Amino acid sequence: MMTRIRVMVGGLLVLLVPMLYLAFLGWTAWMLVTTTMQTFERWALEPGWGGKNIGICAGLMLGGATWIWFFKPFWMKGEKPISKLEMHPGAQPEWMETVLIAVEQTKAPKPVEVCLDSGCGVRLEPLGGVIGGLRGRHRLTVGASWVGVCSEGQLTTELMASLGLSPAGVSGRCYWLMEGVMRWLNRAASGEHQAKVDLGPNKGYKGLAKRKKSWWQRPAVMKLAKGYEWLTRRPIWMMLILGRVMTRPALSEIELACDKAGVKMLGGEGFAALLLTKERLRLASLAVKGKLEEGMNTDRMPDNVVLQTIKEMALVGEVSEIEDKETEKRRVWALKKGGEAMLNEGGAASALVRRFQEICRQLTQTHYQQDLGLSLNLIRLVAVGEGTQRKVDEVALADIQRYFEGLAHPLRPMCGLVEEGHSTPTEEEMREQLVVSRRMMAERGEQARIVQKEWTMAWQRCRDLEMAHAFALAGMPMDPRQYGLRTHEAAVYREEIDRQMITMEHSDDSLRAIEADMERRLAAALGLMMSRPAGSCAGELGEMAAMLPMWGMAYGALSARVPVLWEMRNLVFALESLGLDGQVDGFKHAEAGSELEAQGKALEYLVPKIRHCMGRLLADLEQVEAPMKPGMSLAQWLTEGVRFPGWETQAESVASGHAAMAVSDRCEEAYQTVFAWICRAAEAAEGAWGSRQATVACERPILGQFGACEVESMPRNLAMAGV
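Note that the structure is predicted; figures quoted are calculated from it, not measured.

Each value, and the rule that gives it
Residues numbered from 1 in each chain as written. Predicted model: local features only at pLDDT ≥ 70, side-chain atom pairs only at ≥ 80, totals over all residues. Heavy atoms only, no water. Buried < 20%, exposed > 50% of the residue type's maximum accessible area, 1.4 Å probe, protein only. Helix = DSSP H or I, 4+ residues; strand = E, 2+ residues; numbered from the N terminus. Pairing = 2+ DSSP bridges. Axes fitted to C-alpha atoms, helices over the stretch in contact; angles between N-to-C directions. Parallel < 35°, antiparallel > 145°, perpendicular 65-115°, else oblique. Contact = heavy atoms within 4.5 Å. Nonpolar A, V, L, I, M, F, W, Y, C, P; charged D, E, K, R; others polar.

## Considering the pairing of strand E4 (residues 138-143)
And step 1. Of all six residues that make up E4, six are buried, and the element is covered over most of its length.
And step 2. Residues His138, Leu140 and Val142 point to one face of E4 and Arg139, Thr141 and Gly143 to the other, with burial holding for every one of them.
And step 3. Direction of pairing for strand E2 (residues 113-117) relative to E4: parallel, over a ladder of five bridges. Across the sheet, the residue bridging to Val114 is Leu140, located in E4.
And step 4. Alignment of strand E3 (residues 122-126) against E4, held across five bridges, turns out to be antiparallel. Counted as the bridge partner of Arg123 is Thr141 from E4.

## Focus: the environment of Ala398
And step 1. On the secondary structure map, Ala398 appears in helix H16 (residues 394-403).
And step 2. Given the relative accessible area of 38%, Ala398 is considered partly exposed.
And step 3. Between the C-alpha atoms of Ala398 and Ala676, which are 278 residues apart in sequence, the distance is 8.2 Å.

## Details of the environment of Leu15
And step 1. Mapped onto the secondary structure, Leu15 falls in the loop between helix H1 (2-14) and helix H2 (16-45).
And step 2. According to the relative accessible area criterion, Leu15 is partly exposed, its value standing at 31%.
And step 3. Leu15 sits 228 residues away from Gly243 along the chain, and the two C-alpha atoms are 9.1 Å apart.

## Examining the packing of helix H18 (residues 490-530) against helix H19 (residues 540-560)
And step 1. Packing of H18 against H19 leaves a shortest axis separation of 10 Å and a crossing angle of 110°. Taken together, the axes of H18 and H19 are roughly perpendicular relative to one another. Taking contact as the criterion, the partners of Leu526, Met529 and Met530 in H18 are, on H19, Leu541, Met544, Ala545, Leu548 and Pro549.
And step 2. Broken down by class, the residue content of the contact of H18 with H19 amounts to eight nonpolar, no polar and no charged.

Structure representation (structure tokens):
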């Protein structure tokens, strides 16, 4: 009862804020009119204009313009909401039943509309602004990203918290009055209503003389403009502070009541975990926003923003503290409160929404077209896995690119490209080879970059087409025109994939000739290190020389499996884009002709291929030691902590397929780590022993004419012979 009284008192008090603002505008108008009349009277009675009168006239003109500018907050437009999709009881009975349960528990008015959007929150908003809230017309909007990461219990708790903000009767309408006025004040005080004036310098055109800056672009004028903007917001800031003081008791009481209900439903630990999950989702959404900005520059956008956010959240990791201080206080309070949960968490909330992934893709495309203003015919929708911010060792990539002067692809093997000779090279011949290889890299560098770009584009296109092929098998819609195709059929995509594979093979043949020079340089540098006892090398060189055999064996083993990794990445990206991991339990009860039964056809194609690639990737790796963790084989390293439920049922196949994604991620990470270590060792060897110039001018690469180094401690796979 006290909460309702405080809400009604706060709603009545908050009405004083716009009234005070209007009173301020009336007072300033009266002051301007009075001053203007006095000025005209002075001009009429006193002879001449005088400098004083001219200054007063200029001040009155500036004051009149400022007074008119003060009215801007009253007709400014709010932030454009993101696109929504309305949910209907006939199409989504399970979802609407959950909403009705939350309505009954909170005894709140039933929302007029229930919608999904691509966001990550749950909010209740009035239809038609504050007037709609006063009339009791509300829209409940749930972010699909939140539905994809929460459980049924967490979703119900969030729905109850949002619906509880708007109780029935006068108190509910007073809440919307407070909420609307405070939202208006926050928007006005933040300066969002101010005209966006480009105060930066003209960019001009290349090749033309620099244009003279306009007078309004000079530093002094810009500072005056910023100062004027700051000054005109002072009255709004004062009103905002006053509004917060008036509404804080009521809003705090409502928030506390909602938190108590959340703790009652989920328990103290459960509610605290819910707040941490929301924080992780917020961080993931920020990462995805950056990905979308990058994608708009490259015209490659993720096919499913919701699934992209969910995958990014898995990479955020555990969050132990929330940045927002108020939310962190709520979490600490919930942990101290404790208590048992009254509501079971249940299964994944996404299972309550029929055709969840298809709806998410529809929301994504609508978001691109209506919110971002993009044309789907001009952008390429790519697999979610391609744009996911995976764990990348930036230092490792930098080591690879530094040694090979930016010519090496971090996911292409550089081992076994040179035929094995029959004689052991001398140190002088190795130094000569270093000179020749560096010269050949400089001569062919531009050609290597062009061919590498063609190969990368063909590989990307294969990934995109594998996703489209999986969608066609699963009966999921997709526009084939973005791939230059006319029909959305699996056979058509398969033919285009085969054509792209031929393009990859042609580019691969050209790249191998260029990469052979780089392998000769790598092998010659490592040969200089292995041609002398490890004990004779001082400091870090000695440690590298002692560990090189183990790292070299791992590099050779992983290099031989990189082509398998290419194929496996394409397949697991396609499986991940289907978004079936949240509906694993549904496959156990899939009915004939249902959506899950149709998606099973895609699994029948993808899962056997993924399983076959997994076998080829891990074959014989039990015999190769993982240099990152001595005493453990590479097979154990790649599968550590990864669970494979099995491949018998469709539910097990989906879970195992996503486990294969984790293995492929770890294999990519392991290959780049080992490759970077080998490059660091070669760079150190060149710096120590390869600095002397060759005595014989080499007309062509010579490393293929002499055999592998026969030092016992040198692994054969690094000795120019291949794996």
